[in-house]
Amino acid sequence: MTAGDDFEEDVQPISVAERVAAEALIVDVDGFEGPLDVLLTLSRTQKVDLRKISILALAKQYLAFVEHAKALRIELAADYLVMAAWLAYLKSRLLLPPDPQEDGPSGEELAAHLAFQLERLQAMRDAAAQLMARNRLGRDVFARGEVQEVARTRTVRYSATLLDLMQAYARIRTRDDFRPFVMDREKVYTMEQALDRMRGLIRFRGNWTDLHGFLPEAWRTDPVMRRSATAATFAAALQMVKEGQMEIRQSDSFAPIELRRKSDET
Amino acid sequence: MKDEDDRETDSLFEAPPMGEQERMVEAMLFASAEPITLREMAGRMPHGCDPAEAVAHVRKRYEGRGVRVQRVGEAWAIRTAPDLSFLMQKETVEMRKLSRAATETLAIIAYHQPVTRAEIEEIRGVSVSRGTIDQLLELDWIRFGRRKMAPGRPVTFVVTPEFLDQFGLETARDLPGLKELRAAGLLDNRLPPGAGDGGESGPDDEDGVTGRGQSELFEE
Amino acid sequence: MKDEDDRETDSLFEAPPMGEQERMVEAMLFASAEPITLREMAGRMPHGCDPAEAVAHVRKRYEGRGVRVQRVGEAWAIRTAPDLSFLMQKETVEMRKLSRAATETLAIIAYHQPVTRAEIEEIRGVSVSRGTIDQLLELDWIRFGRRKMAPGRPVTFVVTPEFLDQFGLETARDLPGLKELRAAGLLDNRLPPGAGDGGESGPDDEDGVTGRGQSELFEE
């Protein structure tokens, strides 16, 4: 494409065709989706494969479009102006011989990338169109009309094993049979305990002493404990009498029971 | 099958081949939200089609398949084969451990059947909630037995064959007695109630019970 | 085939014969409007069934019929044959016409997935309005994918099974022209020259991570 011979930033040499193109775009500037969209539309006027497009020509067309909009006092969104500035820069890079001093991408590289972007956008548009043209569910292809819902039932299953059962039963039965025994144990004064105590005490009891005097201090107040201790002590006393270590007497019914050590002399 | 002769039988229009008509009927039956009448099918199909015949063919084609073409009143529909209805339910099973109250109540019924509620309460030492009995009834593990010949003629409870099945017993008499329980090392009432040791599986429980604990209690 | 051996030895239950399994799959597929996964089928079928094989048989059976068995991503569904759509005016659902922005965005997500919003904007050359993404999300055609391993860990978008179902695609690999686009390099995420540190020759480490897109799907 012929680049403007006397290129200058301010005065854009614009061909009639480009003016017309720009004019056409201006009419519908709101219909465009940004500068890339405009560029893609402009590129169509070149009627070539997007890969062979002249970015320089495209840049000129775009700049003409922006100039025209300015002339018509049409408010263009900022990104259109950013693109214009960038394309003006690109144009200068493409026109001027490469500056060996300057690093960064060359004009050709920038142009190639813009061409890639345009081609990619076009490809996506074609793909979108192809996608939308496919057989669509609910328009061309249909799902089952009379849906049979899958009934979801949640069953709670209770687990209990024979073992659980037997243990439960054992728990109940053992509680019944033995709990009283376990409970009373704390308040039961056994004969063994009483014997132990008596054997220790009797040596010092040469005189008749009331049975109750043999009860341990702690067992005297609580009636249940007192009763248990009394019985055990009495039983122990009988045992010791039987063994010949002790004498026992009661003067009358319900009279105090008295104990004393069996004297060795007699 | 032949009895729907309310169709236009002959047509001057060239109708699609019957194979095509079958496809059409198949698609309509599938996509329709409700059963379709032959009249409606005819209205949708190209001129000259014979939906009655097409339906008959499709119906035949689906014989013995997973779905079948069924007549519903004056219309036709595709329906799941009755023997496959189980596929239309998704059952989620949630395992829960039977509560202590329920287990104990069940045990008492099993060991003492037929037994009245009052007797259960006496043995357990606590009252038995209605919910517990209901739950066991619902599980089909207990049922009502004969009324007791006692004042008020109270109902009794007995265990069911389902119970025996569940617990792998021939009869309730097979339940081990206390002596056997002790011999098996199963008596340990120090175990936390309802044993929190995930006792789904027997062996685990057994492990949990091996500790001596209060089995001493049985030694007089 | 090796599965067969496993199945025979593993399962205590004898699996129903394949003919029965086909019937089951048929019944399930017919009963549902939504695609059903093999896993779900297996969950509803008796032990030891091979829904994959059964589906393959059923699919074959319905070839050329009025309805057909279609793969939708990881699931299967029965759909009417497209050439019979003229019979279904009654069932046709009004399709909301999507804006160009929405269709383009959808295509970009489908062909470039997983793709970030910034990448979509880069391809379209304009910012993507919230409404567009929202609309696609609402249609259930796109969803959020994994976050990209890039600065800021931006969210990505991917298409859904509903998208596949809507457009009659078996998998995202079956998108029309996907291979050609990829071969032409049009699905590469090429950074503009001079952008970032990739500078001259484009594909650098960052590019290597972000620029994969749909091509991932081809690396089996």
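Residues numbered from 1 in each chain as written. Chains lettered and ligands numbered in written order. Predicted model: local features only at pLDDT ≥ 70, side-chain atom pairs only at ≥ 80, totals over all residues. Heavy atoms only, no water.

K.L.:
Quick question: what am I supposed to make of the overall build of chain A here?
P.N.:
Across its full length, chain A carries eight helices and four strands. The order of helices and strands in chain A, counted from the N terminus, is α-α-α-α-α-β-α-α-β-α-β-β. The proportion of buried residues among the 266 residues of chain A is 44%. Of the contacts formed within chain A by residues at least 6 apart in sequence, a portion of 57% connects residues at least 24 apart. With the model as given, the accessible surface of chain A reaches about 15100 Å², and the carbon-plus-sulfur share is 53%. (Helix = DSSP H or I, 4+ residues; strand = E, 2+ residues; numbered from the N terminus. Buried < 20%, exposed > 50% of the residue type's maximum accessible area, 1.4 Å probe, protein only. Contact = heavy atoms within 4.5 Å. Areas by Shrake-Rupley, 256 points an atom, 1.4 Å probe, with all protein chains shown as cover.)

K.L.:
In this structure, what is going on with the environment of Tyr62 of chain C? I would like to understand it.
P.N.:
Relative to the helices and strands, Tyr62 of chain C resides in the loop between helix H4 (51–61) and strand S2 (67–72). Sequence-distant contacts of Tyr62 of chain C, defined by excluding residues within four places in its chain, comprise Glu26 and Tyr62 of chain B together with Glu26, Phe30, Val67, Arg68 and Val69 of chain C.

K.L.:
Any chance you could explain the interface of chain B and chain C here in plain terms?
P.N.:
Interfaces are often sized by the amount of accessible area the parts lose when they come together. Between chain B and chain C, the contact holds 31 residues from the first and 30 residues from the second. Here chain B and chain C share an interface that buries about 2600 Å² over both sides, 57% of which is from carbon and sulfur atoms. Broken down residue by residue, the surface that chain B buries against chain C is led by Arg23, Phe30 and Arg65 of chain B, which jointly contribute 27%. Between Arg65 of chain C and Glu26 of chain B there is a salt bridge; the shortest N-O distance is 3.2 Å. Where chain B packs against chain C, one counts 14 residue pairs in polar contact (both at pLDDT 80 or more). Broken down by element, the side of chain B that touches chain C gets its largest block of residues, nine residues, from helix H1 (residues 18–31) of chain B. A per-class count over the side of chain B that touches chain C returns 16 nonpolar, four polar and eleven charged. (Buried area = accessible area lost by both parts, 1.4 Å probe. Salt bridge = Lys/Arg side-chain N within 4 Å of Asp/Glu carboxyl O. Polar contact = N/O pair within 3.5 Å; in protein donor to acceptor, adjacent residues only side chain to side chain. Nonpolar A, V, L, I, M, F, W, Y, C, P; charged D, E, K, R; others polar.)

K.L.:
Explain the pattern of salt bridges to me, please; I cannot follow it from the model alone.
P.N.:
When their charged atoms lie close together, side chains carrying opposite charge are able to pair. Enumeration according to the criterion identifies 41 salt bridges over all chains in this entry. Note that Arg125 of chain A and Glu104 of chain C form a salt bridge whose closest N and O atoms lie 2.5 Å from each other. With Arg125 of chain A in helix H5 (residues 107–132) and Glu104 of chain C in helix H5 (residues 100–112), this pair bridges two chains. Per residue, the accessibility class of Arg125 of chain A equals that of Glu104 of chain C, and both read buried.

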